[in-house]
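Close look at the chain arrangement
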Amino acid sequence: MTAELAQMELLAQVDDLIARLRGWVAEPTPWEPVQQSQSLVKRLLLRLEPLRARVEAPLVVATFGGTGVGKSSLVNGLVGHEVTTAGRERPTTTLPIVLAHPQTDLSTYHLPLDSGDDELQIVRVESPLLRDIVIIDCPDPDTTESETATSNLARLHRLLPYCDVLLYVGTQQKYRSARVSEELMQAANGCRVVFIQSHADLDSDIRDDWRKQLSPQFQVAEMFFVNSKQALQEQKNGIRPTGEFGRLLDLLMQELSATQRVRIRRSNLMGLVQEVLTHAREVLANHAPLVARLEKALAEQRHRTTERMAERLEEELLVSRGLWERRLLGQVTEMWGYSPFASMLKLWHSQASLLASFSLMRSHTTAQMALVGLVHGTRWLTSQQQEHEAERRLESLSSLGLTDSELREAQMVISGHVHAAKLDRPLQDTNALEHLRHSAAGIQLEFLTDAARRIDVLILEAAKRHSHWTTRLVYEALFILLPAFLLYRVGRNFFYDSFWLEKPLLDTNFYIPALLFFVIWVAVFVMSYTARLRRGLTSRIEVLARELARVQAGAGLFPELEQRCAEFSRHRDRLEQFTANLESIRQSFAVGDGVERLSLKQSAVASKAKEAGLVEQV
């Protein structure tokens, strides 16, 4: 892959990253921290447009420093003409002065040129340095005036976003100025910096100490100790400036030349994007513990609801166990088919109907038939009432089993965490008790359907398990022993003993005890089998109660809030992904850029500048 093609691929990655950032800031969110981060990124995207539009235009270089440090003298020395008024005791630069070559088109910079003559002053100078750069002599950031729309400090803040390189001027007396350092931290976002100590004819060299002071916040490259007045005089005499000033002039003409414009602006753009993304990530990280506490409160509320539901479900389902046992026995008899023991199970299951039929057959009068009908009708109504009671118990569980006091308690606890986490729409309708009741009862139909389905599945699975061929073989083989013996005894007596041996037939002294033993035999086997069904059904109902409680209470009373918490985590992940992509692009751009001779702000520390340029605007 050629170098040009690789460069185009990297620029395409930058465009893709910016497009995804635009999509992210357009996403609606109720989280105030996310809204703040989106507003910050939105400001960034607005600032990127003029940067991309003038990527090949001459670089904008601004002088920056405290009152009387020699910014204007430095500008005069650089261009070789007295274009600004120099002064040491008080501010002499009251309006920003834009120094440009006569052939430079300033309209491409989108500078605030149409704000009136009081906004800034433009000076056209024929100078070799100005062929590649535009210089702005900025007002002093340590002015004592308050920042208003027309103040020098406000003008300074409006111009700094258009600057590509800052010439930060300090002196032996002011290089530790807290006010100027604070403004520098704001101004250095998305810029390269050149640190210059002026007044070399009067002051001592403090660059080593200055470098130590700057090192936590900046990656300091070269620093210069210059005599601006001497350089101006040398240029007036037609002599190229010597010493440190000459080295500074070489640096500016080499590093800020036309061939370096794209690299510097590209690097500034990447640095600015990283600055903003780092701060946006920090905003969300600062609120992450509050969101985590909200998630913990929601999880605890969901756990308490689950436990309460599990206890009630188990209790209520076990109360209706008789109904589930009858349904299980009916399912088993249907699956078992026709066999001796299966026939006994069917008789046992349908004993009420058989008794009713037998009673009706034995009735001789209308009154007897009415009495029998009344008795068995009462039994049928009782059975129906039991089924309706079981269904009612399921319905009573569908509202999570929470009282109004429990709903109010959950509401108060969660509302406090929501307010602390700065959710823009704190619960809104969810705060209303009626809405909580609706949320608690909103899953009623789903729960009833699921509970009925799960019970049907449980009964079907239990029936299959207890109708396996091995179980059937054991019960059928053991059960058939007594009926087979009785049939053999009766058959032998009728066909062999009475015909061949002429013995008398068996009388009631045999049949009555045989019938009694057969009934006992059937009862023992049926009761043994139903007890086995009951034991398996009870354990499965306990497990089902826990599962149903987890499913029903899984969303809790505040499903919307849980979705919002997940949304907050997604926003954090998106910012992490954007930052990782940006870092990959920056590393790719850094390959082949050579040694950096311009200072730049430390990205790790830059994220701690809370009042940084764009952040301040937001």
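Our structure's up above, just so we're on the same page.
To start, this report covers the structure provided alongside it.

Criteria and thresholds
- Residues numbered from 1 in each chain as written.
- Predicted model: local features only at pLDDT ≥ 70, side-chain atom pairs only at ≥ 80, totals over all residues.
- Heavy atoms only, no water.
- Disulfide = S-S within 2.5 Å.
- Patch = residues over 30% accessible without salt bridge, like charges linked within 9 Å, V, L, I, M, F, W, Y side chains within 5 Å.
- Areas by Shrake-Rupley, 256 points an atom, 1.4 Å probe, with all protein chains shown as cover.
- Salt bridge = Lys/Arg side-chain N within 4 Å of Asp/Glu carboxyl O.
- Helix = DSSP H or I, 4+ residues; strand = E, 2+ residues; numbered from the N terminus.
- Buried < 20%, exposed > 50% of the residue type's maximum accessible area, 1.4 Å probe, protein only.
- Phe/Tyr/Trp six-rings, centres within 6.5 Å; stacked < 30°, edge-to-face > 60°.
- Lys NZ or Arg CZ within 6 Å of the ring centre and 35° of its normal.
- Axes fitted to C-alpha atoms, helices over the stretch in contact; angles between N-to-C directions.
- Contact = heavy atoms within 4.5 Å.
- Nonpolar A, V, L, I, M, F, W, Y, C, P; charged D, E, K, R; others polar.
- Pairing = 2+ DSSP bridges.
- Polar contact = N/O pair within 3.5 Å; in protein donor to acceptor, adjacent residues only side chain to side chain.
- Core = buried A, V, L, I, M, F, W, Y, C linked by side-chain atoms within 4.5 Å.
- Right-handed = clockwise from strand over helix to strand, strands pointing away.

Moving on to the state of the cysteines. Here the structure, examined in full by the defined rule, presents zero disulfides. Between Cys 138, a free cysteine, and Cys 163, which holds the nearest cysteine sulfur, the sulfur-to-sulfur gap is 5.3 Å.

Moving on: a nonpolar patch on the surface. A cluster of nonpolar residues, Phe 494, Phe 495, Tyr 496, Phe 499, Trp 500, Leu 501 and Leu 505, forms a patch on the protein surface that exposes about 830 Å² of accessible area. For Phe 499, the location among the structural elements is in the loop between α18 (481–497) and α19 (508–553). The exposed category is assigned to Phe 499, whose relative accessible area is 55%.

With that settled, consider the packing of aromatic side chains. Tallying each qualifying case throughout the model produces 14 aromatic pairs. Relative to Phe 518, the ring of Phe 479 lies with its centre 6.4 Å away and its plane at 55°, an arrangement referred to as tilted. Taken together, the positions of Phe 479 in helix α17 (residues 469–479) and Phe 518 in helix α19 put the pair 39 residues apart, joining distant regions of the chain. Seen from their ring centres, Phe 494 and Phe 495 are 4.9 Å apart, and the 85° between their planes marks the pair as edge-to-face. Connected via pairs of aromatic rings, a cluster forms that spans Phe 64, Tyr 168, Tyr 175, Phe 195, Trp 210 and Phe 218. The cationic tip of Arg 489 hangs over the ring face of Phe 510; the distance from NZ or CZ to the ring centre is 5.8 Å.

Turning our attention to the packing of α17 against α18. Orientation of α17 relative to α18, taken along the N-to-C sense of each, is 30°, at an axis distance of 4 Å. Across the interface between the two elements, Ala 477, Leu 478 and Phe 479 from α17 touch Leu 481, Leu 482 and Pro 483 from α18. Counted by class, the contact of α17 with α18 contains six nonpolar, no polar and no charged residues.

Counted residue by residue, strand β4 (residues 133–137) has five buried out of five residues, so it is predominantly covered. A two-sided burial pattern is seen for β4, the buried positions comprising Ile 133, Ile 135 and Asp 137 on one face and Val 134 and Ile 136 on the other. As paired strands, strand β1 (residues 59–65) and β4 are joined by five bridges and run parallel to one another. Within β4, the position partnered with Ala 62 by the bridge is Ile 136. Taken together, the three bridges between strand β2 (residues 97–100) and β4 define a ladder with antiparallel strand orientation. What sits directly across from Val 98, in β4, is Ile 136.

When the charged atoms of two side chains lie near each other, side chains of opposite charge can form a pair. For the structure on display, the rule yields 13 salt bridges. In this structure, the salt-bridge partner of Asp 205 is Arg 207, at a minimum N-O distance of 2.8 Å. For Asp 205, a relative accessible area of 43% gives the class partly exposed. With relative accessibility at 18%, the residue Arg 207 sits in the buried group.

Relative to the assigned elements, Gln 197 resides in strand β6 (residues 192–197). At a separation of 3.2 Å, a polar atom in the side chain of Gln 197 contacts the main-chain amide nitrogen of Ile 206. Once residues lying within four places of it in the same chain are set aside, the contact partners of Gln 197 are Gly 170, Gln 172, Asp 203, Ser 204, Asp 205, Ile 206, Arg 207, Trp 210, Phe 224, Phe 225 and Val 226.

Our focus in this paragraph is the nonpolar core. Counting residues in each nonpolar core, the largest one holds 39 residues, and the members touching the most others are Leu 21, Trp 31, Val 41, Leu 48, Val 273, Leu 277 and Ile 414. Where this core is concerned, the elements lending two or more residues are α1 (3–25), α2 (32–53), α9 (261–319), α14 (404–420) and α20 (559–590). The element that contributes the greatest number of residues to this core is α9, accounting for 13 residues. Filtering out sequence-adjacent residues up to four positions away, Ile 414 remains in contact with Leu 294, Ala 297, Leu 298, Phe 558 and Leu 561.

Taking burial as the measure, the six residues of β6 include six buried ones, the bulk of the element. Of the two faces of β6, the one lined by Arg 192, Val 194 and Ile 196 and the one lined by Val 193, Phe 195 and Gln 197 are each fully buried. For the segment spanning strand β5 (residues 165–170), helix α5 (residues 178–187) and β6, crossover handedness is right-handed. Note that β6 and strand β9 (residues 599–601) share two bridges and pair antiparallel. Note that in β9 the partner of Arg 192 across the bridge is Leu 600. Relative to strand β8 (residues 223–225), β6 runs parallel, the two being bridged by three bridges. The residue of β8 that forms the bridge with Ile 196 is Phe 224.

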